[in-house]
Amino acid sequence: MLGLFSNKSDHPLANLKSAQQLLEALPKTDPVTVLDEIGHWIEALFDPANEFRLDHQFAVLRMLDEAAHPHLRRILHNYFAAMPPTAFQESRLWGAMNAYFTFSELGYLQVLVGLRNGDRGSSSIKAHAALVGARGIYAVSGLLECAAVRYGQIDPQLWVHLASFYEYAETERCQDEQVYVYSGSGASTTLSRLFAGTLIWYASAVGTLSPLDVHIAKRLITYMSKSFASEDECQPDSLFTFDLASPASPLRVKEEGAMYPQSVRFLGTGEASKQIEDVLRTLDKNLVPEELGMGVVYSAEAVRNVANHLMKCCHTSAPSRRPQRRKIRMNVHVASGLASAIEHSDQWLNLSGAASESWEVEDISTTGLRCMLPAGAASSVKIGSLVGLQPEKIEHWGAGIVRRLSRDAQNNLHVGIEMLASKVKSVT
């Protein structure tokens, strides 16, 4: 595709009119194809060989991105529908939105770098620094969500880019400027709220909720973000921290009196707890408030479960210290699901003769254990699943619930299990 753009004087992205003609020629019925085409045009827009000025790159990027956004929303709605898509559709939709968020994020990062370096045309777009940062953070948040729904490992550079977008906004003193990220996408917001909301959502939901619940949590967090703030100093409502100088996943605020470097930002929730309480009162009437802007029709029960989870996470008191974990290497037999767990708890009940799986235990505590499964070994494992457990050389079975999932760089799945009982027996 990029070979078509070899003649710079006739480059289709060399002016806004020809770029608009490209958009008009796109098929309107397949959002996946549209995102794929626009994503590659964004890639071509920032090819150094084309030598476009920064102000031109920003203008075309903005036009392409705004044209792509309705199609991106459609894909998000289909992917996170109440009834999940087929495996083929899931893979196709995920690939489209992950690729587009990648192109979009790198595009706005290139504009940010050009602004910092004072490239040709940078002075005329400095007034749009807040929009550049807001869309950059939106794209980072999209990439985090794409990884989260597959419990994938986060690219460390994403945290670096997130810090760059926010740090530049602070430099330009525009982090609290009101901005509409996309037309028709709801109320205005600020970079400070977007930044805090992205990190609070990640710390509260990722790895501990099902893919659909992760998305519902993100919508709820977006609604509550009007209460969020990023502060230079720890406040009474500060929940998490993020270090701009050493970007990594957000951490819980330490005990009172802890010392932090000046590069740390404290993420506070303000009146978010009250907002959740108001939402829960409506959900208890079996109604989903329209102002949540879910985009997809979800049951009140599904939204209520996630809202209750976020309510616990928004508690400003630090969580109690976890039981000490002990490294251990052993295998455990696992029966997934209630029926299978019941069958295996007494061998004579195992009428189907189904064999249990063997998982490798990494560490153990008084309340649970963490197991590792090789890539592709357990695609059916889900957050909230009940599992029967029988350690090697132990005759009886126990029971637990899957509470946390994550993948490492080798795509091995790490499963955190809360133990319900160390010994169970079926009763007739």
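Residues numbered from 1 in each chain as written. Predicted model: local features only at pLDDT ≥ 70, side-chain atom pairs only at ≥ 80, totals over all residues. Heavy atoms only, no water.

Draft legend 1. How the structure looks around the packing of helix H2 (residues 31–45) against helix H3 (residues 54–79). Between H2 and H3, the shortest axis-to-axis distance is 9 Å and the interhelical angle comes to 160°. Regarding the angle of H2 to H3, the classification is roughly antiparallel. In this structure, H2 meets H3 at a crossing whose hand is left-handed. Contacts between H2 and H3 pair Pro31, Val32, Val34, Leu35, Ile38, Trp41, Ile42 and Leu45 from the former with Gln57, Val60, Leu61, Leu64, Ala67, Ala68, His71, Leu72, Arg74 and Ile75 from the latter. Residues belonging to the contact of H2 with H3 are distributed by class as follows: 15 nonpolar, 2 polar and 1 charged. (Axes fitted to C-alpha atoms, helices over the stretch in contact; angles between N-to-C directions. Helix = DSSP H or I, 4+ residues; strand = E, 2+ residues; numbered from the N terminus. Parallel < 35°, antiparallel > 145°, perpendicular 65-115°, else oblique. Left-handed = near helix turned anticlockwise from the far one by under 90°. Contact = heavy atoms within 4.5 Å. Nonpolar A, V, L, I, M, F, W, Y, C, P; charged D, E, K, R; others polar.)

Draft legend 2. Main features of unusual backbone geometry. At glutamate 51, a position not held by glycine, the phi torsion is positive, near 55°. Residue classification places glutamate 51 among the exposed positions, given a relative accessible area of 56%. For asparagine 286, which is not glycine, the phi dihedral falls at a positive 65°. Mapped onto the elements of the fold, asparagine 286 is located in the loop between helix H9 (272–283) and helix H10 (300–313). In this structure asparagine 286 comes out as exposed when scored by relative accessible area, which is 58%. (Buried < 20%, exposed > 50% of the residue type's maximum accessible area, 1.4 Å probe, protein only.)

Draft legend 3. Seen up close, the sheet that holds strand S2 (residues 238–243). The antiparallel open sheet is built from 4 strands, whose spatial order is S1-S4-S2-S3. At either end of the open sheet lies a strand with only one pairing partner, and these are strand S1 (229–231) and strand S3 (251–252). Sheet topology places S2 next to strand S4 (residues 264–268); 5 bridges connect them, and they run antiparallel. From the neighbouring strand, aspartate 243 faces S4, where its bridge partner is valine 264. Across the sheet, helix H6 (residues 156–171) is in contact with S1, S2 and S4; its angle to S2 comes to roughly 100°. (Pairing = 2+ DSSP bridges.)

Draft legend 4. Geometry of the pattern of salt bridges. Scanning the model with the defined rule gives 17 salt bridges in all. Across the salt bridge formed by aspartate 65 and arginine 135, the nearest N and O atoms sit 3.7 Å from each other. With aspartate 65 in helix H3 and arginine 135 in helix H5 (residues 129–148), this pair connects stretches of sequence that are 70 residues apart. By the burial criterion, aspartate 65 is buried, and arginine 135 matches it. In this structure, glutamate 360 and arginine 329 form a salt bridge, with 2.7 Å as the shortest nitrogen-oxygen distance. On the criterion of sequence distance, the pair formed by glutamate 360 in strand S6 (residues 357–364) and arginine 329 in strand S5 (residues 326–336) is long-range, its members being 31 residues apart. Take arginine 329: its relative accessible area is 60%, and that puts it in the exposed class. (Salt bridge = Lys/Arg side-chain N within 4 Å of Asp/Glu carboxyl O.)

Draft legend 5. Here's a closer look at the nonpolar core. Core analysis: the biggest nonpolar cluster contains 106 residues, and Ile38, Met97, Phe195, Trp201 and Leu220 have the highest contact counts within it. Ranked by the residues each element gives to this core, the list is headed by H5, at 13 residues. Those residues in contact with tryptophan 201 that sit more than four places away from it in its chain are Ser141, Leu144, Glu145, Val206, Val214, Ala217, Lys218 and Ile221. One finds Val332, Cys371, Val381 and Val415 within the second-largest nonpolar core, a separate group that totals 17 residues. (Core = buried A, V, L, I, M, F, W, Y, C linked by side-chain atoms within 4.5 Å.)

Draft legend 6. Region of interest: the pairing of strand S9 (residues 397–407). Of the pairings in the sheet, the one linking strand S8 (residues 386–391) to S9 comprises 4 bridges and is antiparallel in character. Across the sheet, the residue bridging to leucine 389 is glycine 398, located in S9. Here S8 folds back onto S9 in antiparallel fashion, the turn holding 5 residues, of which lysine 393 has a positive phi close to 65°.

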